[in-house]
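# Structure at a glance
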Amino acid sequence: MRLEAKIKMGYYPTPLAVVERIRSYLKFPEYNANLFDPCCGEGLALKELKGDAKATTYGIELDQYRAEEAKGNLDRVIKGSYEDARISHNAFSCLFLNPPYDWGVPDTEEGNERKEKTFLKGTVRYLQPSGALIYIISQKRLNNDIAKILSYRFQDFNVFRFPDDEYEAFKQIVLFGSKKHETFLDDKEYDKLRIIPEKELEEIPYSGKPLYNLPLAGPVHLFRSSSIDEDELEREVENSVLWKKIRENAQVANDYMGRPPLPLHKGHLGLLLANGCLDGVVGEGKDRHVVRGKVEKVVSKYEEYDGDTLIERDVESYRVSVKVLRKDGDIITLM
Ligand SMILES: C[S@@+](CC[C@H](N)C(=O)[O-])C[C@H]1O[C@@H](n2cnc3c(N)ncnc32)[C@H](O)[C@@H]1O
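Values in this document were obtained by computation on a predicted structure and should not be read as measured data.

## Overview of the sheet that holds strand β8 (residues 154-161)
Strands sit in the order β4-β3-β2-β6-β7-β9-β8 across an open sheet of 7 strands; the sheet is mixed. Of all strands in the sheet, those with a lone pairing partner are β4 (76-79) and β8, marking the two edges. Ignoring strand direction, the axes of neighbouring strands in this sheet form an average angle of 15°. With 5 bridges connecting them, strand β2 (residues 33-37) and strand β3 (residues 55-61) associate as parallel partners. The residue of β3 that forms the bridge with Leu 35 is Thr 57. Contacts from helix α5 (residues 115-123) reach β6 (92-97) and β7 (127-138), with the element oriented near 170° to β6.

See below:
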């Protein structure tokens, strides 16, 4: 089981029946809440949490297959590790955190630390003050260190265990908290939290009224991985103004010319090429290339004597150039 879990990179999705109960504790703002899951799996838990509320969902997932699935379920997804992501601080109304149940990578700074703690420490900064934390971990993992971080950064806690059927497998708990505006250690909360592993907890009920008001949130300005996600890159390039310009310039310009009544001979083609009428992308497959023709006026100077007087004269001529840009990046000058 342990080995299997490692292979799956600690993938224990939150049962949707539990997410439904969690949702009853949240009050969404009229306009927009930003919901963030930094280890989102296939994104189903966060999608369920959003339901029909006006909210924008953001996820990060390390596993390639799950990240691809998540792209269909969430608004923005980074494929990669949350540690490598560049994200605006204080930007999210809700942090949904069900971290992998595992240890850090040996011989690294976090090697002796459980992921439940590393993820909490590493992602709190993205939550807005008054934003809600939903933290799902095994009950026995809520140790003194985690209790300290929680009581330092959060207040207004509620802690429940999973419903019977789901609790059986991993003894998970759901902890709700609201991020403080000022950080300080609250000894009373700390003492209450650190005894949770030994406590008999109530199974999470549906809440009669929402207890956590999610703060309104605007656009998240920075949400990207520092490594390149090829799909993301393709999308960005597709929307880039520069790329639009390149495409416009590479348009075949002769749509309006119609078909000539007789086949063109080489001289005609040369003229059309030279004055740019055939500019654009031409050819198929490996022969696909871009043609650019232009005629430039060049003025050269020369001097001659008229009797004893030296006269400088300008001579105008026209220079034709036709260049081809090939798929491999080579530029060939035809004229
Ligand atoms: C316990 S599952 C939770 C999935 C989802 N949040 C849910 O509640 O259903 C943890 C997920 O974290 C992913 N993960 C592991 N390390 C990660 C990292 N460094 N950055 C982002 N995701 C990671 C795993 O691939 C796995 O899908």
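## Remarks on the site of the ligand
Not every one of the 21 residues close to the ligand is listed here, only the nearest: Pro 13, Thr 14, Cys 39, Gly 41 and Asn 98. Of the residues that constitute the shell around the ligand, the class distribution is 11 nonpolar, 5 polar and 5 charged.

## Description of the sheet that holds strand β12 (residues 280-282)
Think of a sheet as strands paired side by side through backbone hydrogen bonds, with each pair either parallel or antiparallel. Pairing within the open sheet is antiparallel, and its 4 strands lie in the order β12-β13-β14-β15. Strands at the two margins of the open sheet, each flanked by one partner only, are β12 and β15 (331-333). Shown here is a sheet whose adjacent strand axes are inclined to one another by a mean of 40°, direction ignored. In this structure, strand β14 (residues 309-326) lies alongside β15, joined through 3 bridges in antiparallel fashion.

Scoring rules and cut-offs
- Residues numbered from 1 in each chain as written.
- Predicted model: local features only at pLDDT ≥ 70, side-chain atom pairs only at ≥ 80, totals over all residues.
- Pairing = 2+ DSSP bridges.
- Helix = DSSP H or I, 4+ residues; strand = E, 2+ residues; numbered from the N terminus.
- Axes fitted to C-alpha atoms, helices over the stretch in contact; angles between N-to-C directions.
- Contact = placed C-beta atoms within 7 Å.
- Near = placed C-beta within 6 Å.
- Nonpolar A, V, L, I, M, F, W, Y, C, P; charged D, E, K, R; others polar.

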